[in-house]
Amino acid sequence: MSQLPSESAALPAPKKRKRKYDYRRYHPLLIMMIPGLIYLLINNYLPMFGIVIAFKEVNFAKGIFASDWVGFKNFEFLFASNNAYIITRNTILYNLVFLVLGTVFSFIVALMLNEVKNKFLLRSYQAIISMPHLISWVIVSYLVFAFLSVDNGFINRAILPMLGVEEDIYWYTEPKYWPYILTLVDLWKRVGYGSIVYFAALLGINDEYYEAAKLDGASRLQQIWYITLPIVVPVIIMMAMLQLGRIFYSDFGLFYQVTLNSGILFSTTATIDTYVFNGLTGSGNLGMSTAAGVYQSIVGFILVLTVNYLVRRKDRENALF
Amino acid sequence: MRRTLRIGRLLMALLLIMTLITACGSGGGSGNASGSNANPAPNSQSSSGGSNSGSSDSTDTAEKQLEPYELTMAFPIFGATPPDMQLVVDEINKITQAEINTTITVLPISIGSYYQQMNLMSSSGEKLDLMFTFGNSGLYSSDAMSGKLLPIDDLLDRYGQGLVEAVGAEYMESARIGGKIYGVPTLHSFAQQPGILMRKDIVDKYNIDISSIKTIHDLDPVFRTVKDHEPGMVPIAFGLSNAMTFLRNYDKLGDGYGVLPGFDNGLKIVNWFETEEYAELLNVMHEWFKAGYVNKDAATTQATTSDLLKADATFSYITMLKPELKAQEERMTGKELVEVYFSDYEPYATTTDVVVGVWGIAQQSEDPERVMMFLNMMYTNKELVNLLIWGIEGKHYVKVSDNVIRYPDGIDSSTVGYTMNSLTTSNPFIAYTLEGEDPNISQTIQKWNQAARKSAALGFTFTANEVQNEMTAISNVLQQYQRVLESGSADPKELLPEFNAQLKAAGIDRVIEQKQAQLDAWAAANK
């Protein structure tokens, strides 16, 4: 696999030449790394001490580290109710659907963008389709509301009458529609931005491959299948893996704002994040909310390791680490 | 070969990270970067040590000469910080410096992040002396139990006599949690009675006879008139809160999971959601919804009922009435209103109604005694209270007569440079009243408070520490069913049994059991 010659050649080469790094040579680069490392340390590693909060009953008078240990008591609420199954199922299934559909659509959009040769049009398309990514969920929720409002919604007022449906649909009290609505909204918001990464990968493909294929009489589809796909697969796997690590986190804005947190929809819209939020906003219990976060991180971490292991067994080159 | 290299590299990386963590862990206590995480333990120790030595000092010297002290107070604000806040604080400082040699620093924090900020300040041991907290949803009791607030019984005895008198010793007891008082409730009407507020112009237009309205069952003809003649307006609005939030002839004992019917019931707690009355009320709401009396998005709207009335979207809403409420709501909605108290309910004072907002002393305060002296002034010093509520004379208000003021010319309530939300004002009873409002409102409220019937459980506060898991599950079940049911949006026939089954599964019986045990213990201790 040497489609990305520049990268794969650069890595092993110095190793063969010299066993030790020439530190003096990399001096400037190493110094440039320091701010980033410090940031990483302060922002991503130091807060990890907060994990102890998940195992404590926080008492501010004693301070966090001196508070009493309570073992796994803070975790119990996640599994105590019969909602545990629903929220876990919703979180994982939605994320899987988003992952699969999001990747597929992003990739298709990237392929389509790749065919646009007019520079000006390309820029405009890119700007337009990545716009939704920049809109906050609160605003998206109002856009959705403009469609779904019972009294004044676009669908109830304009589209349903056109289809000959007389009766209003109470969108915000009917759980059965929401898996589709949420998927649609999520795709609308994410696909354009997601396609940028794939588009960049497509741009990196040397035109010579295509020219050679054309000479051999390959059709457009065959070119995509035999040239584009194999080259982009590592990027897809990497992106998918990054998302898999967050499979136990739901997009809070999507599930809380867009549904207007309507209780009666919970059977199809409640996820771990909204459950924790709804359960703990009143009590403000630090320990329990931390416990939920720790649980999500650990499951995500295990998932990433497992998937990477599976990928590596099949195809070592494509594994992330 | 290649594989072992990979694993080796991974291990190295992990090792490196581990060393970094441990290195920082050991040095973190003194490091700046980790201040927020690693500091609280030593800090809180030193601050409690400081307060101990401070207290022994100031007990000795309290009557002689007070050391200068800087007092930091935090409270939530609703909207932008008033531009003249600092000017007012400077004026306040003139009073406090003369009286107790103390300068005040205020930390107005936006309500949206107030609770998180308080958590942060408490856990990092940041300087804070006096803080405001909310009585509802158990915040005050959880602040007290988690050690954010100091118990103040002794301090009240020594420096808070005037304050106790202003609040009323009996009502002061409402702030007692697990035998100790952790804060001082703000003053307002302590008893409430459900009723309805209606737009006066429409009442007059259709000659609605308000004397015929005694209970919610008399509302049907009124609503029908409005619905038939006022297109684009629903007769009654359900917003973030709805009618059933307020139609209570029971003491909800804090969270409403397990209530005391009739405010007594021999101190026997029942599950309100399983009662006949609850089911009946749900039916009424559903009838209203089906008849089109209620806004269709009642189950999901994020607007408040007064917002809806202000926007001409509704004719009325049901709420908990008390003497000062009509004027407040009129100011908020900009419409003239008519109030009707439902006569099948009586005004009762419950812990929940008394402890709405609480001023408490933060655990990290370096001189709790001084804070109590200031707190006492906040409830007794007329000059200070007027500054807190109305701002500076001549700049933010002018006097009309002895106790009545108005805004200066060219300024109104929305352009004045200083305002204070009524929720956080300590003692409005000794402050001026605004021109055009009932100048005797304070006396009216005080009479109302004295005359109010008191719930048998007045003073009892439930602490939910033992049943946190159940509470979390229940609050999710309520989130799921309560609003759609109580707004009448769904047929209670199918949904109510499901709701109750879910509540049972979430463990409401255990919560009620626990609450009953605490209530019995409280009753025994207060005999």
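Definitions and limits used
Residues numbered from 1 in each chain as written. Chains lettered and ligands numbered in written order. Predicted model: local features only at pLDDT ≥ 70, side-chain atom pairs only at ≥ 80, totals over all residues. Heavy atoms only, no water. Helix = DSSP H or I, 4+ residues; strand = E, 2+ residues; numbered from the N terminus. Buried < 20%, exposed > 50% of the residue type's maximum accessible area, 1.4 Å probe, protein only. Areas by Shrake-Rupley, 256 points an atom, 1.4 Å probe, with all protein chains shown as cover. Pairing = 2+ DSSP bridges. Axes fitted to C-alpha atoms, helices over the stretch in contact; angles between N-to-C directions. Contact = heavy atoms within 4.5 Å. Expected span 1.5 Å × (residues − 1). Core = buried A, V, L, I, M, F, W, Y, C linked by side-chain atoms within 4.5 Å. Phe/Tyr/Trp six-rings, centres within 6.5 Å; stacked < 30°, edge-to-face > 60°. Lys NZ or Arg CZ within 6 Å of the ring centre and 35° of its normal. Parallel < 35°, antiparallel > 145°, perpendicular 65-115°, else oblique. Left-handed = near helix turned anticlockwise from the far one by under 90°. Nonpolar A, V, L, I, M, F, W, Y, C, P; charged D, E, K, R; others polar. pLDDT = per-residue confidence, 0-100.

## Looking at the overall build of chain B
Within chain B, the secondary structure is distributed over 22 helices and 18 strands. When each of the 527 residues of chain B is scored for burial, the buried share is 54%. When the accessible surface of chain B is summed, it comes to about 22,700 Å², and 52% of that surface belongs to carbon and sulfur atoms.

## Some points on the sheet that holds strand 6 (residues 183–185) of chain B
All names here are of chain B. Pairing is mixed across the open sheet formed by five strands, whose spatial order is 2-1-3-14-6. The open sheet is flanked by strand 2 (102–110) and strand 6, the only strands paired with a single partner. On average, adjacent strands in this sheet sit at an angle of 25° to one another, irrespective of strand direction. Strand contacts of helix 4 (residues 85–100): strand 1 (69–77) and strand 2, with the helix running at about 145° to strand 2, the strand carrying the most contacts. Seen against the sheet, helix 5 (residues 111–124) touches strand 1, strand 2 and strand 3 (130–134) and runs at an angle of roughly 125° to strand 2.

## As for helix 4 of chain B
All names here are of chain B. For helix 4, with 16 residues, the first-to-last C-alpha span of 21 Å sits near the 22 Å given by 1.5 Å per residue. Of all the positions in helix 4, only Met85, Val88, Val89, Ile92, Asn93, Ile95, Thr96 and Ile100 are classed as buried. The inward-facing, buried residues of helix 4 contact strand 1, strand 2, helix 17 (368–380) and helix 18 (382–390). Count one or two residues on from helix 4 and you reach Asn101, which has phi positive near 50°.

## Things to note about the nonpolar core
All names here are of chain B. Counting 104 residues, the largest nonpolar core has Trp288, Ile318 and Phe499 as its most contacted members. Here the element with the most residues in this core is helix 20 (residues 468–486); it accounts for eight residues. Among all residues touching Phe499, those that are not within four sequence positions of it are Phe273, Tyr278, Val477, Leu478, Tyr481 and Leu485. In this structure, Met131, Ile361, Leu375 and Phe429 belong to the second largest nonpolar core, which totals 73 residues.

## Thoughts on the side chain of Glu470(B)
Within the secondary structure, Glu470(B) is located in helix 20. Those residues in contact with Glu470(B) that lie beyond four places of it in its chain are Ala506(B), Gly507(B), Arg510(B) and Val511(B).

## Looking at the pairing of strand 11 (residues 314–321) of chain B
All names here are of chain B. Taking burial as the measure, the eight residues of strand 11 include eight buried ones, the bulk of the element. Pairing analysis gives six bridges linking strand 7 (residues 191–199) to strand 11, with the strands arranged antiparallel. By the bridge assignment for strand 11, Leu197 is matched with Tyr317. Looking at chain direction, strand 8 (residues 234–236) and strand 11 are connected through two bridges and run parallel. Bridge pairing in strand 11 places Val234 opposite Thr314.

## Brief notes about the packing of aromatic side chains
Evaluation of the coordinates by the stated rule reveals 31 aromatic pairs over all chains. Geometrically, the ring pair formed by Trp272(B) and Tyr278(B) is edge-to-face, given 5.5 Å between the ring centres and 70° between the ring planes. With relative accessibility at 5%, the residue Trp272(B) sits in the buried group. Judged by relative accessible area, Tyr278(B) falls into the buried class, the value being 0%. Each residue in the set Tyr250(B), Trp272(B), Phe273(B), Tyr278(B), Tyr481(B) and Phe499(B) is aromatic and connected to the rest through ring pairs, giving one cluster. Positioned above the aromatic ring of Trp69(A), the side-chain terminus of Lys56(A) is 3.9 Å from the ring centre. For the cation-ring pair, Arg246(A) lies above Tyr249(A), with the distance from its terminal atom to the ring centre recorded as 4.5 Å.

## Structural notes on the environment of Arg24(A)
All names here are of chain A. Mapping Arg24 onto the fold places it in helix 3 (residues 23–45). Arg24 gets classed as exposed once you look at its relative accessible area, which sits at 72%. A C-alpha to C-alpha distance of 57 Å links Arg24 and Pro179, two positions 155 residues apart in sequence.

## A word on the packing of helix 13 (residues 276–290) of chain B against helix 21 (residues 492–506) of chain B
Residues and elements named next belong to chain B. Relative orientation of the contacting elements helix 13 and helix 21 amounts to 140°, with a least axis distance of 11 Å. In terms of orientation, helix 13 lies oblique with respect to helix 21. By crossing handedness, the relation of helix 13 to helix 21 is classed as right-handed. Taken together, the residues of helix 21 that come into contact with helix 13 (itself represented by Tyr278, Ala279, Leu282, Asn283 and His286) are Pro492, Leu496 and Phe499. Its residues assigned to classes, the contact of helix 13 with helix 21 comprises six nonpolar, two polar and no charged.

## A few points about the confidence of the model for chain A
All names here are of chain A. Across chain A, the average pLDDT comes to 85, with 93% of residues at or above 70. Per-element confidence in chain A ranges from a low mean pLDDT of 44 for helix 1 (residues 5–10) to a high of 93 for helix 7 (residues 137–148). In this model residues 1–15 is a low-confidence stretch, pLDDT under 50, and it forms four contacts with partners more than four residues away in sequence or in other chains.

## Side note on the sheet that holds strand 15 (residues 398–399) of chain B
Residues and elements named next belong to chain B. With mixed pairing, the three strands of this open sheet are ordered in space as 15-16-17. Of all strands in the sheet, those bounded by a partner on one side alone are strand 15 and strand 17 (433–434). With two bridges joining them, strand 16 (residues 404–406) and strand 17 adopt parallel strand pairing. The residue bridging Ile405 from the neighbouring strand is Leu434, located in strand 17.

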